[in-house]
Structures are given as structure tokens and as C-alpha cells.
2 protein chains.
Amino acid sequence: MEFYLNILKQNGYKLTGKRKLVLEAMLKNRRPLTLSDVQKLCVNIDFATIYRIVNLFNELDIVHEVKLFDKQQYYEIMKDDHHHHVVCQSCGKIDRVDLCITQKVSKLTSYTITNHIMEFKGICPACK
Amino acid sequence: MEFYLNILKQNGYKLTGKRKLVLEAMLKNRRPLTLSDVQKLCVNIDFATIYRIVNLFNELDIVHEVKLFDKQQYYEIMKDDHHHHVVCQSCGKIDRVDLCITQKVSKLTSYTITNHIMEFKGICPACK
DNA sequence: CGCTAAATGCAAGTAGTTTGCAATTACAAA
DNA sequence: TTTGTAATTGCAAACTACTTGCATTTAGCG
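Residues numbered from 1 in each chain as written. Chains lettered and ligands numbered in written order. Predicted model: local features only at pLDDT ≥ 70, side-chain atom pairs only at ≥ 80, totals over all residues. Heavy atoms only, no water.

Caption draft 1: How the structure looks around the protein's contact with DNA strand C. Near DNA strand C you find 21 residues, and of these A:Thr16, A:Lys18, A:Arg19, A:Thr49 and B:Tyr51 are the closest. Here, DNA strand C places atoms within 4 Å of the protein, and 69% of those atoms are sugar or phosphate. In this structure, A:Lys14 approaches DNA strand C through a main-chain N or O atom, which is 3.1 Å from a phosphate oxygen. A distance of 3.4 Å separates a base oxygen of DNA strand C from a polar atom in the side chain of B:Arg52. Within the residue set of the surface near DNA strand C, elements represented by two or more residues are helix H2 (17-28) and helix H4 (47-59) of chain A together with helix H4 (47-59) of chain B. In terms of residue class, the surface near DNA strand C is made up of eight nonpolar, six polar and seven charged. (Near = heavy atom within 4 Å. Polar contact = N/O pair within 3.5 Å; in protein donor to acceptor, adjacent residues only side chain to side chain. Helix = DSSP H or I, 4+ residues; strand = E, 2+ residues; numbered from the N terminus. Nonpolar A, V, L, I, M, F, W, Y, C, P; charged D, E, K, R; others polar.)

Rendered as C-alpha cells:
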């Protein structure tokens, strides 16, 4: 918590009650969350405020964008813990995928990779 | 072209002029296309029709969904040519990424993988 | 404690897609 | 080859997820 509050402070942003609530909610729920999910976790914050806070967190790299298989944007706090996800299409469970291949892609394409999306969908062992 | 028309026929769909136009446009432009892109490539087709045709093609696995780094859905024909993409954030160029790790993810997570998203963004050699 | 710029709530706007329904068309049957 | 009919299409409106403008409120410096 302190770590993230410092990022806000160091960038000249105020430590408001709403920002602390959103941060706390996302720290306690470390999985891909939509803006609506975040709003449900933080009673009494307007949706536009949730939107602006989460977008600020994203600019400050406090949260990261996650794309799953619908048209919503998800966000998740992943400090020092870069990972991807696999979603069960039957029960909806989301598991971590600790694999990344940006270095390989960098070598293969000669691009400097700055950003990537990598998510999986399937059937989990329990649902098979 | 014939190959795809047969898929439509075999599934009981009519071979209409509009469907042929959309198919032809997407065969000639094998890169991620938004519905608006497809509409621009096919003069005189209503957007709702483009929407329904591309969605039908998607259900029949004629096209595949591609997610890039904005909020639009892209579609691309990739028969026998599964690949991913890397987008240059400077010039917008899109290159292929011929790499896939669903087998590795399958082993790692014990899920049966049915679907995945994997896209990259960076700076291309020419823009460095 | 008061001042001021930043943050927030409310309501309206926007982009991209999705749907309902009447008009049109592909194609099987005559 | 023409006809009947269900599938397809166009149009307009609805919908979802996000985005913005502006008036009100609040954090935090002095």
C-alpha cells in the first residue's frame, strides 16, 4: 500500500480517500477486474471516478491492462509478478500462466517489444 | 474462394453477392481488419450486414478474431497459416509473429486450450 | 483555518457494436 | 423458367462500455 501511495505522491497526485479505496480493493483482489468489478468492490464511488482513478493507476504503471475474450478491458495489480491468464470456458475460473516470450519475439522480429497481450481460454482439469 | 463458399454451402447458408464481396475483400487483404475496414473495402454494403457476415464467417471459422491494443475487434482470414502480430507503435506497420505456445501452456496448466490471444507492440527496426 | 488547484459526482456524449422489423433476394420446387 | 418462401439485407434505433464537460467538493500547502 505505502509503495503505491508513494508513486502517487512522487508524481504530484493527491492521496484521496477514493484513490486509497480503489487501491486497497485491487490489492485485495489480484485478478483481472473490469471497471464495474472495481466499482462493486468500492461502495459509493461514481463510475467516472473509478474510470479516472484506474486510468491514472495505469499511466503510473500501478495496474496493468489485461484483455480477455470479451470486449471489456480488465486491470490488475501485478508488481514484480508479471504473468498471464488462462480462463476456463466452463466454470469461469482464471489461473495464472507463468510464461512469457517477449524475448523470443524480439529476436525473431527485430522489434523492440514494449507491450504485449497473451491470454488463453480452455477447459480446466476439474471441468474435463 | 471456392473452399470458403463450400463451407457456407455445407452449412446451409446462401451464397449471396454480399457474402462473396466480403470474402473476396478479406482474402485480398490478409491482415487484421476492423468491421469498418471491411466496409470500406466493400462499397455499398450496410454496416449491419458487414457485421452479420463477418460474425457468420467467425462462427464458421472462416475468419479469426484478433485483438490489438485498442478497443476494436479485428478479423483476419488465416487458413492453414496460424500466426500472431507485432504492431509498430511508431509507424503502425504490422508484421507476422510465427510463434505459438499453446502446447507449452497446456502442459503447464493442465487446461485443454481452445482459444488464445497473443499480440505484441513495439518499435520496428526501421523506426529505431 | 482558509485558499486554491486538484479531485469528484452527475449527466450527457461517443464509439463500436447489436438488434427488430420490413423489404429484398437466393434457390428449391414446380 | 417462373414462383414461393425462408434466408438475407438495409435502415433505424438500441445497447454497452467507456469518455468528457462542468459545477461542487476536498486535500494539503501556507
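Caption draft 2: A look at a positive patch on the surface. A grouping of A:Lys104, A:Lys107, B:Lys104 and B:Lys107 is seen on the molecular surface, where their side chains present a positively charged patch. Those elements that provide at least two residues to the positive patch are helix H5 (102-109) of chain A together with helix H5 (102-109) of chain B. Its place among the elements puts A:Lys107 in helix H5. Residue class for A:Lys107 comes out exposed when judged on its relative accessible area of 72%. (Patch = residues over 30% accessible without salt bridge, like charges linked within 9 Å, V, L, I, M, F, W, Y side chains within 5 Å. Areas by Shrake-Rupley, 256 points an atom, 1.4 Å probe, with all protein chains shown as cover. Salt bridge = Lys/Arg side-chain N within 4 Å of Asp/Glu carboxyl O. Lys, Arg positive; Asp, Glu negative; His and termini not counted. Charge placed at Lys NZ, Arg CZ, Asp CG, Glu CD. Buried < 20%, exposed > 50% of the residue type's maximum accessible area, 1.4 Å probe, protein only.)

Caption draft 3: Expanded view of the pattern of salt bridges. Residues and elements named next belong to chain A. Applying the stated criterion to the full structure yields ten salt bridges over all chains. With its nearest N and O atoms 2.9 Å apart, the salt bridge here joins Arg 96 to Asp 81. Here Asp 81 lies in the loop between strand E2 (73-76) and strand E3 (84-88) and Arg 96 lies in strand E4 (residues 94-97), a separation of 15 residues in the sequence. Residue class for Asp 81 comes out partly exposed when judged on its relative accessible area of 26%. Across the pair Asp 98 and Arg 96 runs a salt bridge, and its minimum N-O distance is 2.6 Å. Looking at Asp 98, the relative accessible area reads 48%, which means it is partly exposed. In this structure Arg 96 comes out as partly exposed when scored by relative accessible area, which is 36%.

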